[in-house]
Amino acid sequence: MKKAIFFLSASMLLTTSCLNKGTTYQASFTEVFPPTTETSMSNLFENGATVYLFPVEEGSLTGDGAVSDGTLAFLSKGGETALTGGFALSRQYWKEGTDESSDTPSDGTGDGSGTDTPSTTEPGEYSVYGEVEGTAGTNTFLYFRQSGNMPEDHIMFLSSSVGTCAPVGMYVCNSASAVRTIRGESVDSTVYNLNGDIILRATGYLGEEETGHADYLLARKDASELNDANGERLDSLVTSWQPFELGDLGNIDKIRLEVRLSDESDRVRFPNGYIDVCIDNVIASVSISY
């Protein structure tokens, strides 16, 4: 199922002017990451790769890696061999109970074409639960890992000295790893291994001042007893791409993400202590003037 951008148009809205004395350039536009054209990401996924781990920036004193479109930067720890915290780019997806297609790799990942059937084999390490296909037919999303080894900031606005950035929203979905932790490896509807809530919090900062935060409930402590129109039980666990509004953050120069547990006893359930969530279509309203 394709996600439609509900926040703002995915096309860039760009205006330039020289109205203010001493100002040579003014621009306002809508930023979307990952980009909505697959060709802009193709150089990062070579030889059929389905994940891109960020190389450590040259001269970095913190060991952070980053990927950027020139306006927003997404940070990671771990380098090119493993993700220990922060972001990676992924095209991996997995869902139980469907037949493996002939062109799906044996590791349970899709090839990024958007035509594969999710596999019943083991998911790739950086898999979203369900479908990978994103807005405008792109297949690349951000895989976020919370651990004890994280970059200090997770999303940075690179032009804060000459502009403003107001986050609008993003899409979120639980990782295959998180879904299997809660519902068991075969994703059994009768299994629900969770004592508390799982909440994704996004907090905005301008300098070191907090500008605001927004929360999204990824899983509720009790399995839902509600039914849909067909009589099927509605799951309290997010298993498809859902919109997460970020308007409450205001103007920012960085965003820090946190996967919060209302019951800390749940933390030991997650492999290696990692709590992973998938993110797509990070949308921000940007203005530049200099």
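On a predicted model such as this, the values are computed, not experimentally measured, just so you know. (Residues numbered from 1 in each chain as written. Predicted model: local features only at pLDDT ≥ 70, side-chain atom pairs only at ≥ 80, totals over all residues. Heavy atoms only, no water.)

Next up on the list: the overall build of the protein. Within the protein one finds one helix and 15 strands. Looking at the protein as a whole, 50% of its 290 residues are labelled buried. Across the protein, every contact between residues at least 6 apart in sequence was considered, and the portion connecting residues at least 24 apart equals 71%. For the protein, the exposed surface amounts to about 13,300 Å²; the carbon and sulfur share of it is 48%. (Helix = DSSP H or I, 4+ residues; strand = E, 2+ residues; numbered from the N terminus. Buried < 20%, exposed > 50% of the residue type's maximum accessible area, 1.4 Å probe, protein only. Contact = heavy atoms within 4.5 Å. Areas by Shrake-Rupley, 256 points an atom, 1.4 Å probe, with all protein chains shown as cover.)

The subject of this paragraph is empty space enclosed by the protein. Picture a little ball the size of a water molecule; that probe, rolled over the atoms, points out where space is still empty. All told, the structure shown has one cavity of 30 Å³ or more when counted by the stated rule. Empty space within the largest cavity amounts to approximately 40 Å³. Taken together, Leu72, Ile155, Pro167, Ile252, Ile255, Val282, Ile283 and Ala284 make up the lining of the largest cavity. (1 Å grid on protein atoms, 1.4 Å probe; cavity = no way out; pocket = protein on both sides within 12 Å on 5 of 7 lines; lining within 4 Å. Points joined across faces, edges and corners; volume = space filled by probe spheres on them.)

Counting buried residues in helix H1 (residues 176-183) gives seven out of eight residues, a clear majority hidden from the surface. For H1, the complete set of buried residues consists of Ala176, Ala178, Val179, Arg180, Thr181, Ile182 and Arg183. Buried residues belonging to H1 abut strand S6 (92-94), strand S7 (127-129), strand S10 (163-174), strand S11 (198-206), strand S12 (209-219) and strand S15 (275-289). Following H1 by one or two positions, Gly184 adopts a phi angle in the positive range, close to 90°.

Moving on, we come to the packing of aromatic side chains. Evaluated as defined, the whole model comprises eight aromatic pairs. Arranged with centres 5.8 Å apart and planes meeting at 40°, the rings of Tyr52 and Phe54 form a pair that is tilted. Each member of the pair, Tyr52 together with Phe54, is buried. Considering the side-chain rings of Phe87 and Phe144, the 5.1 Å spacing of their centres and the 55° angle between planes classify their relative orientation as tilted. Taken together, the positions of Phe87 in strand S5 (residues 85-90) and Phe144 in strand S8 (residues 141-146) put the pair 57 residues apart, joining distant regions of the chain. For Phe87, a relative accessible area of 1% puts it in the buried group. With a relative accessible area of 0%, Phe144 lands in the buried category. In this structure, Arg180 packs its charged tip against the face of Trp94, placed 5.0 Å from the ring centre. A cation sits over an aromatic face here: Arg256 above Tyr205, 4.3 Å from the ring centre. (Phe/Tyr/Trp six-rings, centres within 6.5 Å; stacked < 30°, edge-to-face > 60°. Lys NZ or Arg CZ within 6 Å of the ring centre and 35° of its normal.)

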